[in-house]
Protein chains: 2
Amino acid sequence: MVNRLEQQLAFLCEIDKLKSILRKSRIFDGTREETSAEHSWHLAMLAGWLHEYAREPVDPFHSVKLALVHDIVEIDAGDTFIYDKTRQQDRLERETRAAERIFALLPEDQRRDMWALWHEFEAGRTPEARFVRALDRIQPMLLHAMTGCRVWFENGVTRSQVLERIKEIERHIPALWPVALEIVDRAVREGMLANS
Amino acid sequence: MVNRLEQQLAFLCEIDKLKSILRKSRIFDGTREETSAEHSWHLAMLAGWLHEYAREPVDPFHSVKLALVHDIVEIDAGDTFIYDKTRQQDRLERETRAAERIFALLPEDQRRDMWALWHEFEAGRTPEARFVRALDRIQPMLLHAMTGCRVWFENGVTRSQVLERIKEIERHIPALWPVALEIVDRAVREGMLANS
């Protein structure tokens, strides 16, 4: 018989594995890739300190919670590079199986809450989910800008691919749109992003 | 003239450096040390999902915010191992200088809020600060337990040193005290923690 606290600690120990999931983005000095746990912390900071720019009013705590948990499923499913069309195809299926296993470690009420948070983020149908999804687009761009946009260059990403993927920034955090465009334009000027 | 958003982004880019600060604790599989950014995410998760065990009622969002920002000063000051008496002596001085530089990147109102959060955590005089400080004691112990308590062994830490340092757990999150004691006792039994 596992009690409530034991269930919670089993979950909180299990999610330590998010520290071993590597993303494509490189940290500020370019020395290595960012882990998904670090990304989640950074995204939570953006959610907590930039919410005044959300186009619709958002609850800051709810936004921070979405940021903290949005990538936990990557423990089993791995990080799926946004421009990897093949792996994007079965991403949701892989992540749903991951959620089933990992969230099941929690007691019933928190399991339900965690599912709700993850689904909400994936569906992007609440103001907070739209806001955090848009932040999840700008956060890697800030890292790319700090590291010479090598990730775009090395993966042969094009300007139109990026613009397609970051529409949510324009729609949901308009104040950040000029920042995003400036990063794209500079990357094109510096030959790190193909102008097509 | 730097505008508000530029100041906020300068801060949010600067704190990326917390991903390069290494702590003593090793991640779940023992392969490497945890970064302070990862630790901050993990602590925020504990704060968000264990607040029902705080001895005094706590505001969950406020606790999560304290967890997210409590180590930002380590960008300049470095992580100070809790059992390193020499470096603990000037820790607060080093961290205060760091706070002065890093928080100054923010616009005035958020700079004030950030100072207040960091001071509150350091002083430990509110229910949320006491709660998160106690979580900050148990979080590395959970990692140690997953990695055979090598950190204690390699640094010649003793049982009485640990017990002295984790009193806050007993005081502020009594439900976690048996968990902490069990980790200590097992480490002693397994010869990873000196029984003195």
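Kindly report on the confidence of the model for chain A, identifying the contributing residues and their values.
Put simply, chain A has an average pLDDT of 96, and 99% of its residues get 70 or more. Both confidence scores are given for the complex: pTM 0.97, ipTM 0.97.

A description of the pairing of strand β1 (residues 22-26) of chain A should follow, citing residues and the corresponding values.
Residue and element names in this part refer to chain A. In the sheet, β1 pairs with strand β2 (residues 33-35) via 2 bridges, with the strands oriented antiparallel. Residue pairing for β2: R26 is matched across the bridge by E33. Connecting β1 to the antiparallel partner β2 that follows it, the hairpin turn spans 6 residues, and G30 within it adopts a positive phi of roughly 75°.

So what about the pattern of salt bridges? Which residues, and what values?
This model, assessed by the stated rule, comprises 48 salt bridges over all chains. The shortest N-O distance in the salt bridge between E108 of chain B and R112 of chain B comes to 3.5 Å. Placement of both E108 of chain B and R112 of chain B in helix α7 (residues 108-123) is noted, with a separation of 4 residues, approximately one turn of the helix. R112 of chain B gets classed as exposed once you look at its relative accessible area, which sits at 51%. Among the ionic contacts, a cluster of salt bridges with common partners joins D16 and K19 of chain A together with R23, E34, D71 and D79 of chain B.

Lay out the packing of helix α3 (residues 60-69) of chain A against helix α2 (residues 36-49) of chain B in plain terms, naming residues and giving numbers.
At a minimum axis distance of 11 Å, the contact between α3 of chain A and α2 of chain B shows a crossing angle of 125°. Relative to α2 of chain B, the element α3 of chain A is oriented oblique. Note on packing geometry: the crossing formed by α3 of chain A with α2 of chain B is left-handed. Taken together, the residues of α2 of chain B that come into contact with α3 of chain A (itself represented by K65, L68 and V69 of chain A) are W41, A44, M45 and W49 of chain B. A per-class count over the contact of α3 of chain A with α2 of chain B returns 6 nonpolar, no polar and 1 charged.

Could you give an account of the side chain of T80 of chain A, naming the residues involved and the relevant values?
Residue and element names in this part refer to chain A. The topology assignment puts T80 in the loop between α4 (74-77) and α5 (85-89). By relative accessible area, which is 8% here, T80 ends up buried. There is a polar contact of 3.3 Å between the side chain of T80 and the side chain of R94. Beyond its immediate chain neighbours, meaning those up to four positions away, T80 contacts R87, Q88, R91 and R94.

Could you give me a rundown of the interface of chain A and chain B, with the residues and numbers involved?
Across the boundary between the two partners, chain A contributes 47 residues, which contact 47 residues of chain B. Broken down residue by residue, the surface that chain A buries against chain B is led by K19, W41 and W49 of chain A, which jointly contribute 21%. Between chain A and chain B we count 4 salt bridges in total. Here E52 of chain B and R4 of chain A are joined by a salt bridge, their closest N and O atoms 2.6 Å apart.

Thresholds, definitions, all that
Residues numbered from 1 in each chain as written. Chains lettered and ligands numbered in written order. Predicted model: local features only at pLDDT ≥ 70, side-chain atom pairs only at ≥ 80, totals over all residues. Heavy atoms only, no water. pLDDT = per-residue confidence, 0-100. Pairing = 2+ DSSP bridges. Helix = DSSP H or I, 4+ residues; strand = E, 2+ residues; numbered from the N terminus. Salt bridge = Lys/Arg side-chain N within 4 Å of Asp/Glu carboxyl O. Buried < 20%, exposed > 50% of the residue type's maximum accessible area, 1.4 Å probe, protein only. Axes fitted to C-alpha atoms, helices over the stretch in contact; angles between N-to-C directions. Parallel < 35°, antiparallel > 145°, perpendicular 65-115°, else oblique. Left-handed = near helix turned anticlockwise from the far one by under 90°. Contact = heavy atoms within 4.5 Å. Nonpolar A, V, L, I, M, F, W, Y, C, P; charged D, E, K, R; others polar. Polar contact = N/O pair within 3.5 Å; in protein donor to acceptor, adjacent residues only side chain to side chain. Buried area = accessible area lost by both parts, 1.4 Å probe.

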